[in-house]
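# Summary of structural features
If you want the building blocks of each chain, they are given just below.
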Amino acid sequence: MRLFDLTWRAVRVKAVVPVFDITMWVCLLMSVMILVEKLMVGGVILLVKLLGLRPEKSYKWETISGGDVKIDHSAYPMVLVQIPMYNEKEVYKLSIGAVCGLAWPSDRMIIQVLDDSTDPVVKKLVESEVTRWSRKGMNIKYEVRNNRKGYKAGALREGMKHQYVQRCDYVTIFDADFQPEPDFLLRMIPFLVYNSDVALVQARWKFVNANECLMTRIQEMSLDYHFKVEQEAGSSTFSFFGFNGTAGVWRIVALNEAGGWKDRTTVEDMDLAVRASLGGWKFVYVGDVMVKSELPSTFKAYRFQQHRWSCGPANLFKKMAMEIVKARKVSILKKFYVIYNFFFVGKIAAHTVTFIFYCVLIPASVWIPEVEIPQWGVVYVPLAITLCKAVGTPSSIHLIVFWILFENVMSLHRIKAAIIGLLEVGRVNEWIVTEKLGDTLKSRTENTVEEVRINISGDADIAKPLIDGSAKEVTKKPQNGWWSRLNFWELCVGFFIMCCGLYDVLYVKKGYYVYLFLQSTAFLVAGVGYVGTFVA
């Protein structure tokens, strides 16, 4: 045993400690970079609020024809509204109904429902809904294609190729679960009409199911910071931010000039935004305009979404870094902002620090007495970063501990996805549509009838026999065992951190065990699948 101890000590001192030290200081440097970035954007937002720099003051904005859709329709520009869908049986009516209710002359608006559904029942339901609104006088088109090449980007690109699109000046996109308010176009379009250098106007997301479970509350905290601080700061300083893929309006000329929709990554929206920005176009974020949407409420759906949102930006950064450096139509300062703030700090460093430092180095440090992590790096910097981000949702400040622990859990998937994106291996181009439940959970609570394939919320006349003259009921799937909910990597990391905490309590007594036990519990709870809602 003594020989083992001596051997481990020699290996530890000569091999482990140097690597640990280098990694630790790199992470500490990244932590400081993240803190500086948070303080900078926070300072920008504070200045914007103090000076009252609303978008309507920074850019020319006037109501179009007094906002009355009953008078001269020629004053209203032609707008194309695209709704891409893929087997959206729970929410398709929400977006179509909300878009058809927009306060905009029907003869000055073309609605495209771009249906990539592979389920024939869902396709028929969506087509029937489009037909129903068409009979009410809406200029709405049901467009399908014979393959899913390019996924959402491919659908949007194909939609732009139709002859009638040439009549349109602007295009707005809504995902299937988004429900714009009637005045959405009236408030957004004037920024494009009266400012010829503006390419994109982005609205803020509002979440209809934020209170569904603790996981959705935590998502709301993260996304509120993104919209209220990051998007607002980018718009106010460099007129640049990442397009969120939905609830935004594009100038079609700018979209085409930037090269249109590309499917080379899983973040086609960010790809288009960066290319348009490099072309000299400006973006406007309008935080006062909010569009209702749904947060993923199952852990599985959230993990798939976060993989795409982390892998895509890293992959895009790799593909576009040199293109950004060589761009001639933007200033050096803006190039620095895009490369450093937007991509490196926001999409690479943040994931690295959150997982490597908080979930690996700090726990492992209890086994390596030769290493001492500075207190400012363990306590003060993380605390300052957390407080900076918590301002997005003050009403949820009491959940801040749960938010920290869950964000650390999700960093496992985010850093894995970022590495896949940078190396372009494995699941780099994986696109899994985020599952939307709509009123599914509510309806199942109220009514426990056996699930039928045509399980939709809506008018009875739409849910009629659709195939071979009769609705086909799917054989109820057998329930999976409890083991199907287990998440291997979360369990592994949870047990590792738990062991580190126990070792700290019994032998080292650094005091890290309080954090380590809490964090290991969060990983283990996620590992056994008790996060979010569960739909059998």
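Placed above this text is the structure.
What comes next is a walk through the structure. The shown structure was predicted, so the numbers you read here are calculated from the model rather than taken from an experiment.

### As for the overall build of the protein
- A tally of regular secondary structure across the protein gives 16 helices and seven strands.
- Counting the 536 residues in the protein, one finds 52% classified as buried.
- For the protein, long-range pairs separated by at least 24 residues make up 82% of all intrachain contacts whose partners lie at least 6 apart in sequence.
- Accessible surface computed for the protein: about 24,700 Å², of which carbon and sulfur atoms make up 60%.

### A short note on the packing of helix H11 (residues 332-364) against helix H15 (residues 488-508)
- Here H11 crosses H15 at 40°, and the two axes come no closer than 8 Å. Between H11 and H15, the crossing angle belongs to the class labelled oblique. The segment H11 lies against H15, with Phe355, Cys359, Val360, Pro363 and Ala364 engaging Val493, Phe496, Ile497 and Cys500.
- For the contact of H11 with H15, the per-class residue count stands at nine nonpolar, no polar and no charged.

### Observations regarding the packing of helix H13 (residues 400-423) against helix H16 (residues 513-527)
- In the contact formed by H13 and H16, the axes pass within 9 Å of each other and the chain directions differ by 60°. With respect to H16, the element H13 is oriented oblique. In the packing of H13 onto H16, the handedness of the crossing is right-handed. Together, Ile404, Leu405, Asn408, Val409 and Leu412 of H13 and Tyr515, Leu518, Gln519, Ala522, Phe523 and Ala526 of H16 make up the contact between the two elements.

### Topic: H15
- Between the first and last C-alpha of H15 there are 29 Å, a value that for 21 residues agrees with the 30 Å anticipated at 1.5 Å per step.
- All buried positions along H15 are accounted for by Glu490, Leu491, Val493, Gly494, Ile497, Cys500, Gly501 and Asp504.
- In this fold, the buried residues of H15 make contact with helix H10 (299-326), H11, H13 and H16.
- Looking at the residues trailing H15, positive phi occurs at Lys509, about 60°.

### Comments concerning the sheet that holds strand E4 (residues 170-173)
- Judged by pairing direction, the sheet is mixed, and its seven strands sit side by side in the order E3-E2-E1-E4-E6-E5-E7 without closing on themselves. Of all the strands in the sheet, the pair left with one neighbour each is strand E3 (140-143) and strand E7 (282-293). When the angles between neighbouring strand axes are averaged without regard to direction, this sheet yields 20°.
- In the sheet, strand E1 (residues 79-85) pairs with E4 via four bridges, with the strands oriented parallel. Pairing of Leu80 across the sheet is with Val171, part of E4.
- The sheet contacts of helix H4 (residues 120-135) involve E1, strand E2 (109-115) and E3, and relative to E3 the element is tilted by about 160°.

### Looking at the side chain of Ser365
- Here Ser365 shows up in the loop between H11 and helix H12 (375-390).
- Setting aside chain neighbours within four positions, we find Ser365 in contact with Phe20, Ile373, Lys510 and Tyr512.

### Description of the packing of aromatic side chains
- Inspection of every chain in the model, using the stated rule, returns 27 aromatic pairs.
- With a centroid separation of 5.0 Å and an interplanar angle of 15°, the aromatic rings of Phe336 and Tyr340 are classed as stacked. You can see Phe336 and its partner Tyr340 sitting in helix H11, four residues apart, about one turn around the helix.
- For Phe336, a relative accessible area of 47% gives the class partly exposed.

### Comments concerning the pairing of strand E5 (residues 198-207)
- For E5, a buried count of nine out of 10 residues is recorded, marking the element as mostly surrounded by other parts of the structure.
- Sheet topology places E5 next to E7; nine bridges connect them, and they run parallel. Looking across to E7, one finds that Ala203 is bridged to Val286.
- Relative to strand E6 (residues 248-251), E5 runs antiparallel, the two being bridged by three bridges. The residue bridging Leu200 from the neighbouring strand is Trp250, located in E6.

Rules and cut-offs
Throughout this document, residue positions are counted from 1 along each chain, in the order its sequence is written. Totals for whole chains, interfaces and linings use all residues, but because this is a predicted model, local features are given only for residues with pLDDT of at least 70 and pairs of side-chain atoms are given and counted only at 80 or more. With hydrogens and water excluded, all non-hydrogen atoms of the structure serve as input to the side-chain values. By the criteria applied, helices consist of DSSP H or I runs no shorter than four residues and strands consist of E runs no shorter than two, each listed in order from the N terminus. Using a 1.4 Å probe on the protein chains alone, a residue whose accessible area is under 20% of its type maximum counts as buried, one over 50% counts as exposed, and one in between counts as partly exposed. In what follows, a contact means two residues having at least one pair of non-hydrogen atoms within 4.5 Å. Here the open area of atoms and residues is found with the Shrake-Rupley method and a 1.4 Å probe, where only the protein chains shown may cover a residue. Helix axes are fitted to C-alpha atoms over the stretch in contact, other axes to C-alpha atoms as well, and angles between N-to-C directions run from 0 to 180 degrees. An angle below 35 degrees is read as roughly parallel, one above 145 as roughly antiparallel, one from 65 to 115 as roughly perpendicular, and any other as oblique. Gly is placed with the polar residues, together with every amino acid not listed as nonpolar (Ala, Val, Leu, Ile, Met, Phe, Trp, Tyr, Cys and Pro) or charged (Asp, Glu, Lys and Arg). Whether a crossing is left-handed or right-handed is set by the direction in which the near helix is turned from the far one by less than a right angle, anticlockwise for left-handed and clockwise for right-handed. One less than the residue count of a helix, multiplied by 1.5 Å, gives the span that helix is expected to have. For two strands to be treated as a pair, DSSP must find at least two bridges joining them. Aromatic pairs are defined between Phe, Tyr and Trp rings, using the six-membered ring for Trp, whenever the two ring centres lie within 6.5 Å; interplanar angles under 30 degrees are classed as stacked, those over 60 as edge-to-face, and all others as tilted.

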